[in-house]
Amino acid sequence: MRKALFWLAVGLMVFVFVFPVLWIYVTALKAPDDIFSDNPFIFTPTLENFDYLINVRPAFGELLNSMIMSVCSTIIVMLISLPAAYSFARFNTGNGHILFITISTRMFPGVVAAIPFFLLFRTLGLLDTHLGLVLLYTYFNMSFATFLLYGFFREIPESLEHAAMLDGYDRITILRRIVFPLIKPGVAITTMFCLIWSWNEFLFAFLFTRRVARTVSVGQSTFWGSVEIQWGPMAALMCIAVLPTLIAAWIMQRHVVRGLTFGAVKG
Amino acid sequence: MSAAPRPRLYENDRVMKWLLIGPLVFFLLAFMVYPTLYSLYMSFTDYVMKGAPGFVGLDNYRWVLSDEAFWAALGRTIYVLFWCIAIELVLGMALALLLNREFPGQGIVRGLCFIPLLVSPLSMSLMWNYILHIQFGVVNTVLGWLGLSAVPFLSTPSLALNTIIFITVWQWLPFSIFVLLAGLKGMPRDQFEAAQIDGASPIRVFFRLTLPLLKPLIIIIILLRVMWLMRLFDPLYGTTRGGLNTELLDWMIYRVSFVFFDIGQGAAYALFALYLTLIVGALLFKQLIKAMDGR
């Protein structure tokens, strides 16, 4: 009896979590008439919507843009955040004040930053460019990446490094041979988060891109026209856009638990 | 060598530590200090995207204080903040306790539960909009089959904001579950065994032992969720677009600045929202550092 209740609860939870994502895939396979039909469960699957995304309103460029921007911004974020997080964790640089300021950038309502950047980018000609959005995503992910990595660095005992130093290794060797292998899972999780958040980001992309640098999030919103919403093609683009994150969810769930506790709990 | 041999590069640590956070500090200055100061300047002007900004003193701020729409948006933001975090913590705790055991297929179940956290918030809100649609949404279709009348989830002012809370909770509940689950898994076993031997009831153990041990994590969840919820935008764009009494702070700033192009006024709203979050954030952050070091 207890077992049945347990599985009922787990089953219900999984159903609620998964159903909307599943429904994206179902909707993407429906012909326009089936989308508004009385019985949403019975329909003949068709690839019409995907054909629309290839031939009528190509979405390839948007996917490519999103990919370029996620990857570029994530690389820059890691180059900035890794050394900074190490510095915070080892030397308590700035006595926590700079760390707090870093984290607080995540508190900024997105639009607070958007107003000055919009005006600045307009002057510099960065509106609707890849570079502009890469810079914004760097800013957007930098703080959280630093915070996550800070937690991971805190988990590495300082004594390990001291011991290596006494053995005569220099800093660079220690970082390469001792610290980096230990921080690798943390780097992997942080990278994954940065990639996904840039990939999913909407507000900045929506405000700062029009045509050239339009990302896949903004692409989805274009199907909401002034007259009607084209659910079919929208769902088709969604299911392509959601796919990498589904794969990431699968890879990450094993390791993410430790990462999300920011070193507050030894996992 | 007379003194204890100090590690070689340690003498340069003072330089090194600042060198390491150099790029971060540069980016912070460029991407945080500059925009904040610029917004501050803009908030004293009547700039409307073209022409030259004219200085208007405190007019924008005076307008913020007297603007009912602003206070309504602020009230709604706090409402969303409170209910989202409350539901996510309570339900997240319950589900973390549920999952905190070994069972066949646990990897698959966890993997599936992780999905909402990573899929795009915009996509999901658009999808929920379709699923909960009054006419052809699957939920209302099924309700109809059960002989119930259709529920206007996203088409009536009394329900729309709560539906947005539901969508947000759906998306972020796994975050609470996974963080709390990590906490439960990392608990020291001996204390629980001792409590069991003493014959303490499970409820007592939970409130006296489990909950205090999870405190740092609960504060982390609250801190991060406050930060993320203050900037809730995507679920509004995907559903009501600020209509039907669902306008939140971020949306209002967006509307004033980028739809009405009233940059000066928008900046005043934005700074108001910013101060508010900074104060709340600083308080929570202090608690967090205390809880993390107090282990």
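These figures come from a predicted structure and were not determined experimentally.

**Student:** Which parts of the structure should I look at to understand the overall build of chain A?
**Tutor:** On a plain count of helices and strands, chain A comes out with 12 helices and 0 strands. Secondary structure of chain A in N-to-C order comes out as α-α-α-α-α-α-α-α-α-α-α-α. If you line up chain A on its principal axes, its C-alpha atoms span 75 × 65 × 30 Å. Out of the 267 residues in chain A, the part that is buried amounts to 60%. Within chain A, contacts between residues separated by at least 24 positions form 74% of all contacts whose residues are at least 6 apart in sequence. Counting every atom, chain A has about 11100 Å² of accessible surface; 69% of that belongs to carbon and sulfur. A distance of 11 Å separates the average location of the 18 positive side-chain charges in chain A from that of its 14 negative side-chain charges.

**Student:** Would you take a moment to explain the packing of helix α4 (residues 106-118) of chain B against helix α7 (residues 157-185) of chain B for this structure?
**Tutor:** Relative placement of two packed helices is described by the angle separating their axes and the distance separating the axes. All names here are of chain B. Where α4 contacts α7, the axes come no closer than 6 Å and their chain directions differ by 130 degrees. On the basis of the axis angle, α4 is oblique to α7. Handedness of the crossing formed by α4 with α7: left-handed. Residue-level inspection shows R110, C113, F114, P116 and L117 of α4 in contact with α7, the latter providing W170, Q171, W172, P174, F175, F178, L181 and K185. Along the lines of polarity and charge, the residues of the contact of α4 with α7 split into 10 nonpolar, 1 polar and 2 charged.

**Student:** It is not clear to me how the nonpolar core should be interpreted in this structure. Could you clarify?
**Tutor:** A general tendency of soluble globular proteins is for nonpolar side chains to be buried together. Formed by 193 residues in total, the largest nonpolar core has its most connected members in F153(A), F204(A), F208(A) and M252(A). Not counting the four nearest positions on each side in its chain, F153(A) is found in contact with L82(A), A85(A), Y86(A), A89(A), R90(A), V179(A) and I183(A).

**Student:** When you look at unusual backbone geometry in this model, what are you seeing that I'm missing?
**Tutor:** Of all residues except glycine, most have a negative phi; of all peptide bonds, most are trans. Residues and elements named next belong to chain B. In the Ramachandran plot, R241 falls in the positive-phi region, its phi being about 55 degrees despite a non-glycine side chain. Examined against the element boundaries, R241 turns out to sit in the loop between α10 (234-238) and α11 (249-259). By relative accessible area, R241 is classed as partly exposed at 27%. A positive phi angle, close to 60 degrees, is found at F261, a residue other than glycine. For F261, the position within the fold is in the loop between α11 and α12 (263-293). Taking relative accessible area as the criterion, F261 reaches 39% and is therefore assigned partly exposed.

**Student:** Can you help me understand empty space enclosed by the protein in this one?
**Tutor:** Taking a probe equal in size to a water molecule and rolling it over the atoms shows the remaining empty space. All told, the structure shown has 2 cavities of 30 Å³ or more when counted by the stated rule. Each pocket or cavity is described by its volume, and for the largest cavity that value is around 470 Å³. Taken together, 26 residues make up the lining of the largest cavity; nearest its centre are F140(A), P121(B), W172(B), R231(B) and D234(B). Of all elements in the fold, only α9 (171-200) and α10 (203-208) of chain A together with α4, α7, α9 (202-230) and α10 of chain B reach the threshold of two or more residues within the lining of the largest cavity. For the lining of the largest cavity, the element with the most residues is α7(B), which contributes 4 residues.

**Student:** What is the right way to read the layout of surface pockets from this model?
**Tutor:** Size it by volume and the largest pocket reaches roughly 670 Å³. Lining the largest pocket are 18 residues, with N100(B), F192(B), Q196(B), V205(B) and T210(B) sitting closest to its centre. Elements supplying a minimum of two residues to the lining of the largest pocket: α7, α8 (189-197) and α9 of chain B. Ranked by the residues each element gives to the lining of the largest pocket, the list is headed by α8(B), at 5 residues. Tallied by class, residues from the lining of the largest pocket come to 9 nonpolar, 4 polar and 5 charged. Here the second largest pocket defines a volume of roughly 340 Å³. Considering the residues around the second largest pocket, the lining is formed by 16 residues, among which N95(A), G96(A), H97(A), F285(B) and I289(B) are closest to the centre.

**Student:** Would you take a moment to explain α11(B) for this structure?
**Tutor:** Since the α-helix advances by 3.6 residues per turn, residues separated by three or four positions end up pointing in the same direction. Residue and element names in this part refer to chain B. In terms of burial, α11 is a largely internal element, 9 of the 11 residues being buried. All of the buried residues in α11 are L249, D250, W251, M252, I253, Y254, V256, S257 and F258. F261 lies just past α11 and shows a positive phi near 60 degrees.

**Student:** Any chance you could explain the confidence of the model for chain B here in plain terms?
**Tutor:** Should the pLDDT be low somewhere, the predicted coordinates at that spot are not to be read in detail. Residues and elements named next belong to chain B. Per-residue confidence for chain B gives a mean pLDDT of 85, with 95% of residues at or over 70. Taken element by element, chain B is modelled with least confidence in α8, mean pLDDT 81, and with most confidence in helix α3 (residues 68-99), mean pLDDT 93. For the stretch residues 1-9, pLDDT sits under 50, and the model shows 7 contacts to residues farther than four places along the chain or on other chains. This complex was scored by the predictor with a pTM of 0.88 and an ipTM of 0.87.

**Student:** Looking at this model, I keep getting lost on the side chain of Q220(A). Mind explaining?
**Tutor:** Secondary-structure assignment places Q220(A) in helix α11 (residues 216-221). Contacts of Q220(A), omitting those with residues within four sequence positions, involve M234(A), L237(A), M238(A), A241(A), L122(B), S123(B) and L126(B).

**Student:** Mind showing me how you'd approach the packing of aromatic side chains here?
**Tutor:** Remark: the centre distance and the inter-plane angle together describe each pair of aromatic rings, the angle taken between the planes. Inspection of the entire model under this criterion finds 55 aromatic pairs over all chains. On the numbers, 6.3 Å between centres and 90 degrees between planes, the contact of W71(B) with F272(B) is edge-to-face. Taken together, the residues span a long stretch of sequence, with W71(B) in helix α3 and F272(B) in helix α12 at a distance of 201 residues. For W71(B), a relative accessible area of 37% gives the class partly exposed. Aromatic side chains F114(B) and F178(B) sit 5.0 Å apart centroid to centroid with 70 degrees between the ring planes, which places their arrangement in the edge-to-face category. Taken as a pair, F114(B) in helix α4 and F178(B) in helix α7 lie far apart in primary sequence, 64 residues in all. Judged on exposure class, the residue F114(B) and its partner F178(B) are both buried. Within the aromatic cluster, the residues linked to one another by ring pairs are F117(A), F118(A), F121(A), Y137(A), Y139(A), F140(A), F204(A), F208(A), F26(B), F27(B), F31(B) and F258(B). Sitting over the ring of F43(A), K30(A) keeps its end group 5.3 Å from the ring centre.

Rules used throughout
Residues numbered from 1 in each chain as written. Chains lettered and ligands numbered in written order. Predicted model: local features only at pLDDT ≥ 70, side-chain atom pairs only at ≥ 80, totals over all residues. Heavy atoms only, no water. Helix = DSSP H or I, 4+ residues; strand = E, 2+ residues; numbered from the N terminus. Buried < 20%, exposed > 50% of the residue type's maximum accessible area, 1.4 Å probe, protein only. Contact = heavy atoms within 4.5 Å. Areas by Shrake-Rupley, 256 points an atom, 1.4 Å probe, with all protein chains shown as cover. Lys, Arg positive; Asp, Glu negative; His and termini not counted. Charge placed at Lys NZ, Arg CZ, Asp CG, Glu CD. Axes fitted to C-alpha atoms, helices over the stretch in contact; angles between N-to-C directions. Parallel < 35°, antiparallel > 145°, perpendicular 65-115°, else oblique. Left-handed = near helix turned anticlockwise from the far one by under 90°. Nonpolar A, V, L, I, M, F, W, Y, C, P; charged D, E, K, R; others polar. Core = buried A, V, L, I, M, F, W, Y, C linked by side-chain atoms within 4.5 Å. 1 Å grid on protein atoms, 1.4 Å probe; cavity = no way out; pocket = protein on both sides within 12 Å on 5 of 7 lines; lining within 4 Å. Points joined across faces, edges and corners; volume = space filled by probe spheres on them. pLDDT = per-residue confidence, 0-100. Phe/Tyr/Trp six-rings, centres within 6.5 Å; stacked < 30°, edge-to-face > 60°. Lys NZ or Arg CZ within 6 Å of the ring centre and 35° of its normal.

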